[in-house]
Amino acid sequence: MSTVLSIDYPTFDDCRFICSGSDDTTVRVWDVDNNKQVQSFNGHSSFVRCAKFSSYHYHNYHQNVICSSSIDKTIRFWDFKNNKQLQIFNGHTNGVCGIEFHNLMI
């Protein structure tokens, strides 16, 4: 059985999704209205400690992006509408446990 380590519910627009990060190494997206999973991302090789919707990408680029951090020492960005990984950041010497976005407009 897997443990959910992080959830996020966006406050922008009329988005009705929740994302979750789990110790099964996945990032999942859930449709709140239909009570079902709509997406799963499997790029991490260890626990996903944090998963958050990116208000930065949404407000500045009109993209639906989730950022996740993991014990595998990476930070990844996922386009959940188009089901693809956008970017990966490597280089930490230990696991990355948190993510925070600030609503800065370009």
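- The name an unreviewed UniProt entry assigns to the protein is WD-40 repeat protein, from the organism Reticulomyxa filosa.

## As for the overall build of the protein
Line of reasoning, step 1. Each helix and strand in the protein was counted, giving one helix and eight strands.
Line of reasoning, step 2. Secondary structure elements of the protein, listed N to C terminal, follow the sequence β-β-β-β-β-α-β-β-β.
Line of reasoning, step 3. Its C-alpha atoms give the protein a radius of gyration of 13 Å, near enough to 13 Å, the size a compact globule of 106 residues would have.
Line of reasoning, step 4. In terms of overall dimensions, the protein has a C-alpha envelope of 35 × 35 × 20 Å along the principal axes.
Line of reasoning, step 5. The 106 residues of the protein split such that 42% are buried.

## Here we look at the sheet that holds strand E1 (residues 4-8)
Line of reasoning, step 1. Taken together, four strands build an open sheet; the order of strands is E1-E2-E3-E4 and the sheet is antiparallel. Looking along the sheet, the strands with just one partner apiece sit at the ends: E1 and strand E4 (36-41). Between one strand axis and the next, the sheet turns by 25° as a mean value, whatever way the strands run.
Line of reasoning, step 2. With four bridges joining them, E1 and strand E2 (residues 17-22) adopt antiparallel strand pairing.

## A few points about the nonpolar core
Line of reasoning, step 1. Among the nonpolar cores identified, the biggest contains eleven residues, and these are Phe17, Cys19, Val27, Val29, Phe41, Val48, Ala51, Phe53, Ile66, Trp78 and Phe80.
Line of reasoning, step 2. Broken down by secondary-structure element, the contributors of at least two residues to this core are E2, strand E3 (27-31) and strand E5 (48-53).
Line of reasoning, step 3. Ranked by residues supplied to this core, first place goes to E5 with three residues.
Line of reasoning, step 4. Excluding its chain neighbours within four sequence positions, the residues that come into contact with Trp78 are Val27, Phe41, Gly43, His44, Asn64, Val65, Ile66, Ser68, Lys84, Gln85 and Leu86.
Line of reasoning, step 5. Membership of the second largest hydrophobic core comes to seven residues, among which are Cys50, Val65, Cys67 and Val96.

## Observations concerning the pattern of salt bridges
Line of reasoning, step 1. One pass over the full model with this rule turns up three salt bridges.
Line of reasoning, step 2. Between Arg16 and Asp33 there is a salt bridge, with its nearest N and O atoms 3.1 Å apart. A residue pair is termed long-range when its members are at least 10 positions apart, and Arg16 in the loop between E1 and E2 and Asp33 in the loop between E3 and E4 qualify at 17 residues.
Line of reasoning, step 3. By relative accessible area, Arg16 is classed as partly exposed at 36%.
Line of reasoning, step 4. For Glu100, the salt bridge goes to Lys52, with nearest N and O atoms at 3.4 Å. Residue Glu100 is located in the segment after strand E8 (84-89), and its partner Lys52 is located in strand E5; the two are separated by 48 residues in the primary sequence.
Line of reasoning, step 5. For Glu100, a relative accessible area of 55% puts it in the exposed group.
Line of reasoning, step 6. The partly exposed category is assigned to Lys52, whose relative accessible area is 22%.

Calculation notes
Residues numbered from 1 in each chain as written. Predicted model: local features only at pLDDT ≥ 70, side-chain atom pairs only at ≥ 80, totals over all residues. Heavy atoms only, no water. Helix = DSSP H or I, 4+ residues; strand = E, 2+ residues; numbered from the N terminus. Rg over C-alpha atoms; globule rule 2.2 N^0.38 Å. Buried < 20%, exposed > 50% of the residue type's maximum accessible area, 1.4 Å probe, protein only. Pairing = 2+ DSSP bridges. Axes fitted to C-alpha atoms, helices over the stretch in contact; angles between N-to-C directions. Core = buried A, V, L, I, M, F, W, Y, C linked by side-chain atoms within 4.5 Å. Contact = heavy atoms within 4.5 Å. Salt bridge = Lys/Arg side-chain N within 4 Å of Asp/Glu carboxyl O.

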